[in-house]
Amino acid sequence: MTSSDAQADPTEAYAGFGGEIGRIMSTSTPDWPQPPTAPDGAPNVLVVLVDDLGYSDVGCYGSEVDTPNIDRLAAEGLRYTNFHVNPMCSPTRASLLTGLNHHLAGVGTVCHMEPGFPGYAASIRDDAVTMGEVLRDAGWSTLMVGKWHLCPDSQLTEAGPRNGWPCQKGFDRFYGILDGFTNFHQPHRLYEDNRALDIDDYPEGYYFTDDLTDRALDMVRQLRDGHPTRPWFLYFSHGAVHAPLQAKSEDIEKYRGLYEAGWDEVRRRRFERQKELGIMADDVVLPPRNTEENYAVKAWDDLSEMERELFARYQEVFAGMVDNVDQNLGRLREGLEEMGEWENTIVVFTSDNGGSREGLENGTSAYFRTLLSQTRANRLDSVELDHSRMDLMGGPQTLPHYPSGWAMVSGTPFRLYKINTHQGGHQVPLIISKGSGLPDGGGIRRQYQHVTDLLPTILDLVGVEMATSKGGRPVPAPAGVSFTASMGDVSAASTHPEQYYEQAGHRGMYRDGWSAVVCRKARTPFSEEVWELHNLVEDPTESRNLADEYPEKVAELVEAWERAAWANQVFPLDEGNNVKNLLRPPWNADTEAEARFRPGSPTTERYRSLQLVNSRSFEVEVSLEVADGDRGTLVAHGDQGGGYALYVVDGRLLLAWNGYGCMTEVDGGPLAAGTSSIILAVEAVGNLSVHVDLRVDETVVAGARDLPALTAIAPFQGIDVGIDRRSPVSWTIRERYGTFGWSGILHHVTYRPGELAPDAGQRWLDVLRESGTKYE
C-alpha cells in the first residue's frame, strides 16, 4: 500500500450520490438515477415517408388512384400545398431526421456514392442529432420500419462499421432495408435492429409493404407489453413507390385499362381535379409537356400502338403500388385504434421527392439495365423486349420502371422530375393530423415550408427542446423553423423565407416567392448556364420565365445561392462526367482481392459481392467432390434483375446467365463422378459485353460470347454457395426445384477478381477528371 492510498478519503467513491450511505441498506437512503421520461399524456408521433411519390399521386392532391385512407387523413387534418423537400431520396431523409440542409448533414446525394467530400459523405455527420435521438432522450421509444438509405455501400456488411445504421442514429428498433430499394416480392436483404436476417425464401403472397405494417404494429404491441404509457415515435419509411414497380395482382387488376387515354390526358384530368379540390387556383396555368433537352416527353398520340400498350401497363402497376400504400396506412390506423394508440398520435404524411424519370423515355422491364443508360449509351434497352415481358410486370420476375411521361404526370402541375431543382423535383404532398382530427380538419395551407422545418415543428408539437450539444460538442444549428403557427392560423406567415437547392448540378434558389433555377446539362460549363426566373406567387408552375425582365433579381438570387452553397458544403459540384460515381475510398480495395466462401454461410452482402466482379474479368472456382446423383446449386450471384449461377441438373453442368431478365443457358455437359474443380471464367471485353468459359478439372467444356455484362448495381443480390436464395437467378430452376440446395460435398467457392474491362470507368478516372476542368 502506498502512502497516497493510505491517505485517500474512504467516502470519495460516493461523491455525487444524492442519497445517504450507511453501513447497511436498511439505514441508507437510495437515490435512483431518473431515466428519460416524457410528460404525462405526451403524444405519439407517426411520420410516414413515401418514396418517389409525386405531388398529384394521391386522391386528395388530384389523383384518380383510390386512396381513401390518405384522403381521410387529409379530411381530418391539414394539407400543405407549398411544401418542399430535397429532389432526391437520401438527401431528404437526412434533412427530415436532422433539420439540416442535406449537404451540411453530409448527404448531398444518394448513399451509393462516396466521393470523399464533406457534403457527400454518404452518412449523417457524427455531430448532428436526429429526430430519433432527441425524442429517445426525452423519453419516447423510437421505432423504424422501411428504407434507411443513410450509410455508404461499403458499410452494409456484418463487418460494419455500424455507426451509420438506424440503431446507432437514435432508433431503439429497426426492421427493413439499409439499401435504397429492393424486390417487393423477394427482398434481397432484410435487417432487424443491428443484424441481417438469414432468409432462404419468402412465403407465397409475401409483399414488402404489408410486412412493414405488420412489423410496425408488432413493435408498438411489444412496447405496450413492456410499459403501459410510454409514448413512441414511429418512422415508417416506405420502400414504395420506388422502382422496381411491383404490386400484388389484385391491386394491379383494379387499374386495368385506366391509363389507355395516356399521360397527356391523365395529366389534364389531374390538373382539373386539383382546381376542384382547391389545391390550385383557377388562374394557375398547366405548363406544356416537358421539352428540356434530355428530359423531353413525347406526345402520347405520337407513340406507336406497342408503346402505348406497354406504357399504360407500367402505370397500372404504379397505381397498384400507391393503392397498396394507402391500404397499409388504413391497416396501420386500424391496428393502432384497436390498441387505443391512434387518438393521441400526431401523424405526418409526405414524400421524399417528385416523380422519378429513372425509366427514361421508354420505361423498362429491367431497372438495373436501364440504370446503365443514365451515364452511357446502352445497346441492351429494347421496347420490343419489354413488351414481350408485359404480362410478367408487377410480379417477382420483372423489375419495371415507368417512362418519364408518367413521372411528368406524377408531378402535375409542375415541371420536371426527381433530381431536377424545378418544382416537380421537390414540391410534394404534406398532410398533418392528430387522432380523429384537428380543429380545422380538411383545411388547406399555402405557406412555403421545407423538409428541414419538420423536425422543429414536431418537437414544438410534443413540447421537446432541440438538443444544442451532443457528447459535449455543439451541434450544427437546424436550417428549419417550426411552422406550428400556421396549423392554427391560415394567414400565418411562412417561417422559411429562403432555401437553396442542388442535386447533380441542378441548382435553384427560393426567396420570398421568387425562384431562380437551372436545369443542368451534364458536361457543359457551369459558367455558361442560363438561369430562369419565376415569380411563384403569381406563377407556381414556372410557366413564365421572367429572367430577361428582371436581370437584377436573377443576379441577387444567384449570389444568394453561391453564399448558401459555401455555407452548406455544396461544393464541389458534379460536372456530370461520372467522376462522382467512380471516386471511392482507397481502403475499399481491401475487399477487391481473392475471396473464399463456404456452404452454409448466409448470403454475402450485395456490395461486397459486387466488388469482386463489377466491370472486370473474374474467375469463380468451385471445389467439390462429385458423386453420382449429385445435383443442386453450386454458386448463385444475383436475382431476377440480373445475375449468374452454376447448377447441376440431371447430371449436367448448367450455367444460367441472367442478362437483366434475358436468360442464356450454357450446357457444360455431363459431370463425371470424381470431379473436383469447376471454373467459370468471365472475360470483360468492353461495350457491356463479356465472354464466358466453363472448365471442368482444367478442361474447357463449354462457353459463350458477347453475353450482357452485369454492372452498375447488378447483380443486386449477393453470393450464395450451395443454394439459390430469395429472388433466384433462374426462375425455371426455382419453379422446378425451389432453392435447389446442393446435395453432395462442396468444400468452398473461390472468387478471383481480374483485370478491369477496357472501358471501365476506373481506368479512365484521371482522364475524366482532367476533362472535367473545362466545365467550371
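This is a predicted model, so every value here is computed, not measured.

1. Details of the sheet that holds strand β28 (residues 745–756)
- An order of β18-β28-β19-β24-β25-β26 is seen for the six strands of this open sheet, with the pairing classed as antiparallel. Because the sheet does not close on itself, it has two edges, and the strands there are β18 (595–597) and β26 (699–708). With direction set aside, neighbouring strand axes in the sheet form an average angle of 15 degrees.

2. Details of unusual backbone geometry
- A cis geometry characterises the amide bond from Thr412 onward to Pro413, with omega recorded as 10 degrees.
- By the secondary structure assignment, Pro413 is in the loop between α12 (404–410) and α13 (423–426).
- The step from Phe571 to Pro572 runs through a cis peptide bond, and the omega angle for that step is 5 degrees.
- Inspection of the secondary structure puts Pro572 in the loop between α16 (551–567) and α17 (579–582).
- For Asp193, which is not glycine, the phi torsion reads 55 degrees and is therefore positive.
- Tracing the chain through its elements places Asp193 in the loop between β5 (191–192) and β6 (195–196).
- With relative accessibility at 23%, the residue Asp193 sits in the partly exposed group.
- Phi is positive for Asn578, close to 80 degrees, though the residue is something other than glycine.
- With respect to the element layout, Asn578 can be found in the loop between α16 and α17.

3. Thoughts on the sheet that holds strand β23 (residues 662–670)
- Strand order across the open sheet formed by five strands is β23-β22-β21-β20-β27, with antiparallel pairing between neighbours. On the outer flanks of this sheet lie β23 and β27 (719–721), each paired with one strand and no other. When strand polarity is set aside, the average angle formed by the axes of neighbouring strands in this sheet is 10 degrees.
- Pairing between strand β20 (residues 632–639) and strand β21 (residues 642–649): seven bridges, direction antiparallel. Along β21, the bridge assignment pairs His637 with Tyr644.

4. With respect to the environment of Trp514
- In this structure, Trp514 sits in strand β16 (residues 514–518).
- Since its relative accessible area comes to 17%, Trp514 is described here as buried.
- Trp514 sits 19 residues away from Leu533 along the chain, and the two C-alpha atoms are 7.3 Å apart.
- In contact with Trp514, other than residues within four places in its own chain, are Met509, Leu533, His534, Asn535, Leu546, Tyr550, Lys553 and Leu557.

What counts as what
Residues numbered from 1 in each chain as written. Predicted model: local features only at pLDDT ≥ 70, side-chain atom pairs only at ≥ 80, totals over all residues. Heavy atoms only, no water. Pairing = 2+ DSSP bridges. Helix = DSSP H or I, 4+ residues; strand = E, 2+ residues; numbered from the N terminus. Axes fitted to C-alpha atoms, helices over the stretch in contact; angles between N-to-C directions. Buried < 20%, exposed > 50% of the residue type's maximum accessible area, 1.4 Å probe, protein only. Contact = heavy atoms within 4.5 Å.

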